[in-house]
Amino acid sequence: MDFNDTPEQAAYRAQVRAWLEANAAEYLAPPEKPWGLDEFVARSKAWQRKKYEAGYAGITWPKAVGGQGLTPMHQIIFGQEESRTYVPTGLYSIGLGMCIPTVFTHGTPELIARFVPKALSGEEVWCQLFSEPVAGSDLASIRTRAECDGEAWVVNGQKVWTSFAHRSDFGILVTRTDFSAPKHRGLTMFIVDMKAPGVEVRPIRQMSGASDFNEVFFTDVRVPDSWRLGAVGDGWKVALTTLMHERLAVGGKPRHAPGWQMLIEVARGIETDSASALERADVRQRIASTYIADEGVKLTQMRALSALSRGAMPGPEQSIAKVVVAKTMQDMAAAALDLAESAGFAAEKGSDLEKLQQSYLWSAGLRIAGGTDEILRNIIAERVLGLPGDLRPPKDTPFNEIEPL
Amino acid sequence: MDFDLSDDAKTLREAARKFLEAEAGPKSARAVMDAEAPHDVALWAKVVAQGWPSARVPEAHGGLGLGTDEACVLAEEVGRSLAPVPLLATMDAIEALLIAGSEAQKARWLPRLAAGEAIGVVAWGEGDSKSPAQMPATRLESGRLSGVKTPVQDGLSATLAVVTVASADGPAMAIVDLASEGVTRSPVEALDLVRKSARIGFDSAPAEPLGDAADWVRLTERLAVLHAWEALGTAGAAMEMALAYAKDRQAFGLRIGRYQAVKHRLADMYIKGELARAHAMHGCWAWGTDASELAQAAAAARVASLEALSFTAEETLQLHGGIGFTWEHDCQFFYRRARAVSAALGSRAHWADRLVRALEQRNRAAA
Ligand SMILES: Cc1cc2nc3c(=O)[nH]c(=O)nc-3n(C[C@H](O)[C@H](O)[C@H](O)COP(=O)(O)OP(=O)(O)OC[C@H]3O[C@@H](n4cnc5c(N)ncnc54)[C@H](O)[C@@H]3O)c2cc1C
């Protein structure tokens, strides 16, 4: 067992660190006041462009599609170093984390040549058009319709919760092309131009106050058949590629989200009748639980990474990361805010308590996004532990004849 | 970075699992529960023949001189099989000697412990509600030991004890041959009926000091790691039993494992188990490399493993329904063992407090 870099890894880390020192100097501290959306997008694009030009984009992607062809360990090292700064990266996590890997896994050479480089350089932003008002956890129940009309498909329907759709150039879109086929066999995946006629994006305000996700309406939107990903009817298989990458992308604790360190400092600063709140047994228990969960996830990911570097595939075991992290963030933030009594409820701008308020709000979304806690527990139970699936209507029932149980 | 057990440790684990599956398991646990003998004497002879007690003993003292990876997988497999032998107790005493023993003490005891001629135990509890960090009443004065240790798990089997004694700097250790004059022993009724407990009285028994108070702290950290692996093994075996039952038992026309109330709890066992394993591996690494993170890693391994074991033991029984509550069923072994593992080295609450103390120091160092 060894936590140290190999000489080759250490050299890469040093190179990354030197590059970040030279290029991320303005991001060594969090912004004085939060950026507006426009500024966030502009800064995100500029940062992605820099990474692209320096060879730090698509680190693990095959060279053939413009990536660096390096190992997951290189990706981790870059991520570790990058996360010491406050550079904006969230705009691309869905596009580069999930959409583009789906494109280069299932797309034709023409599609790859057209879309991958511009995504990688940050010039074009991507979104994931999967969830619908009637279908989230049960993704295979989507109803957005695509009908073949010669060389093109005509799309009608509605997507929802689409992160950054309002700032995206393209999206991967899962549609139903055959309503009389069984649920999982009537789906087809496309690339869609978000600026195409008939695409209407309406931002939705989140509980946290921000508007990062949207409703997207499709009215007679024409999509060329050459923009199809995978065969007609194979959309579920293609979507599974995306979801596999989602598991990797939404793994650990979000960068800079408050953790046990902040809980210690907040508790230390709170005076109770006798001593600082840090001396209270219940507070210490909470700090310990937070540490066990967050560091446990980190260490679990290191185990997975060690297995990966020996040739193993990322498996459903990774599902534990988000389940643990999101709920831990929520419990920890709630406990810290309560501990701070009225100062936690009406927190000063820019304070740790305000960060904890944000964490309290965001963690609620994190428990839902990218597979809810319940769905992830199902995945663990069924795919890791081999337990039987939920009771569901027969799999081969035509989609348009399914009756809810 | 390579965060994985060594290949040698994995090989040993496989061999140990095979051996214990054939030789131990709930059947032998039940036999010991029903018998007078404090442990399975025949099995212990075979375990000694495997050389396991000698794992951590340096070659110069007749041992195999293996690393912490190997010690940890042995603990896991013993925990898994519930093997009613005093292997872990003996390994505990060996660690105490490795940390704090003088050359003479090591030369005298290690070869005998390695060869299975002596059975060791570390005894700190005195039947009250103190943690292992609090001052014991037992005293060592001019080479004479006085006091009572109880309940001492595996204390009926042991021939050599490392006991905590009061010192100016906190609990310290003494080493005592249990065949000495002034030592009395009697069985104590405690929750775990397989790993039997003793009350050991010392009435001016001849004993030697073993290291100082700091050594006791260091020992408890190492034992926290070792026994975290034991807990992982025990929790793993319970969970496998629960899984098998959930896949087989039917209610309302479905396998019970199809109900989410059941399968999500199994998923939670898995999650707690994986978190505990990650911390236990971190602890194993910190112990093996004497890293400055040991205090933190050991406490985290302890807390996470106790949590995993408690939860798994309770929920395994629960999802067996009525049969799980019977004397004849194996659930009770895990259910009772969960409390034994906790009592052996201090509770979750005690170690959570130690964890936070280590974290506070780290936070301060970082600031
Ligand atoms: C911040 C955020 C960003 C998002 N971004 C995107 C995006 O960019 N693109 C995109 O396509 N989607 C996105 N989503 C949508 C997200 O994937 C879905 O919200 C999620 O999959 C849940 O679907 P749902 O909202 O329809 O809830 P439902 O599926 O209706 O679930 C409602 C409740 O029922 C439970 N439930 C459902 N099925 C089961 C079951 N089988 N067993 C037990 N419980 C069950 C759920 O766990 C949940 O508690 C985002 C969501 C959030 C919160």
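Residues numbered from 1 in each chain as written. Chains lettered and ligands numbered in written order. Predicted model: local features only at pLDDT ≥ 70, side-chain atom pairs only at ≥ 80, totals over all residues. Heavy atoms only, no water.

A. Representation of the overall build of chain A within the structure. Summing up its helical and strand segments, chain A has 12 helices and eight strands in all. Computed over its C-alpha atoms, the radius of gyration of chain A comes to 22 Å, within 12% of the 22 Å expected for a compact globule of 405 residues. For chain A, the spread of C-alpha atoms along the principal axes amounts to about 75 × 50 × 45 Å. In chain A, the proportion of contacts linking residues at least 24 apart, taken out of those at least 6 apart, comes to 71%. Side chains of chain A give 44 positive and 50 negative charges; the mean places of these two sets differ by 2 Å. (Helix = DSSP H or I, 4+ residues; strand = E, 2+ residues; numbered from the N terminus. Rg over C-alpha atoms; globule rule 2.2 N^0.38 Å. Contact = heavy atoms within 4.5 Å. Lys, Arg positive; Asp, Glu negative; His and termini not counted. Charge placed at Lys NZ, Arg CZ, Asp CG, Glu CD.)

B. Structural view of the site of the ligand. Near the ligand lie 21 residues; those nearest to it are Ser137, Trp161, Thr372 and Glu374 of chain A together with Gln260 of chain B. One chain alone does not account for the residues near the ligand; they come from chains A and B. With respect to the ligand, the backbone of Gln128 of chain A contributes an N or O atom lying 2.8 Å from a nitrogen atom. Burial of the ligand by the protein chains amounts to 69% of its free accessible area of 970 Å². Counting only elements with at least two residues in the shell around the ligand, the list comes to β3 (152-163) and α12 (373-384) of chain A. (Near = heavy atom within 4 Å. Polar contact = N/O pair within 3.5 Å; in protein donor to acceptor, adjacent residues only side chain to side chain. Areas by Shrake-Rupley, 256 points an atom, 1.4 Å probe, with all protein chains shown as cover.)

C. Quick peek at the domain arrangement of chain B. Residue and element names in this part refer to chain B. If you check the domain split of chain B, you get domain 1 (7-117), domain 2 (121-211) and domain 3 (215-366). Counting residues at the interface gives 15 residues for domain 2 and 17 residues for domain 3. Counting each side, the surface lost to burial between domain 2 and domain 3 is near 1500 Å², with a carbon and sulfur contribution of 66%. Asp192 is paired through a salt bridge with Arg337; the nearest N and O atoms lie 2.5 Å apart. Where domain 2 touches domain 3, the interface holds seven residue pairs in polar contact (both at pLDDT 80 or more). (Domains from an automatic or database assignment. Buried area = accessible area lost by both parts, 1.4 Å probe. Salt bridge = Lys/Arg side-chain N within 4 Å of Asp/Glu carboxyl O.)

D. Local environment of the interface of chain B and chain A. Contacts between the two partners involve 48 residues from chain B and, on the opposite side, 50 residues from chain A. Both sides of the chain B and chain A interface together cover about 4400 Å² of buried area, and 63% of this is carbon and sulfur. On the chain B side of the contact with chain A, Met1, Phe3 and Tyr270 of chain B bury the most area, a combined 18% of that side's loss. In this structure, Lys263 of chain B engages Asp390 of chain A in a salt bridge whose closest nitrogen and oxygen atoms are separated by 2.8 Å. At the surface where chain B touches chain A, the tally comes to 21 residue pairs in polar contact (both at pLDDT 80 or more). For the side of chain B that touches chain A, the elements supplying multiple residues, two or more each, are α7 (213-248), β10 (254-255), α8 (260-289), α9 (294-318) and α11 (348-366) of chain B. The biggest single contributor to the side of chain B that touches chain A is α8 of chain B, with 17 residues. Residue composition of the side of chain B that touches chain A, by class: 24 nonpolar, seven polar and 17 charged. (Nonpolar A, V, L, I, M, F, W, Y, C, P; charged D, E, K, R; others polar.)

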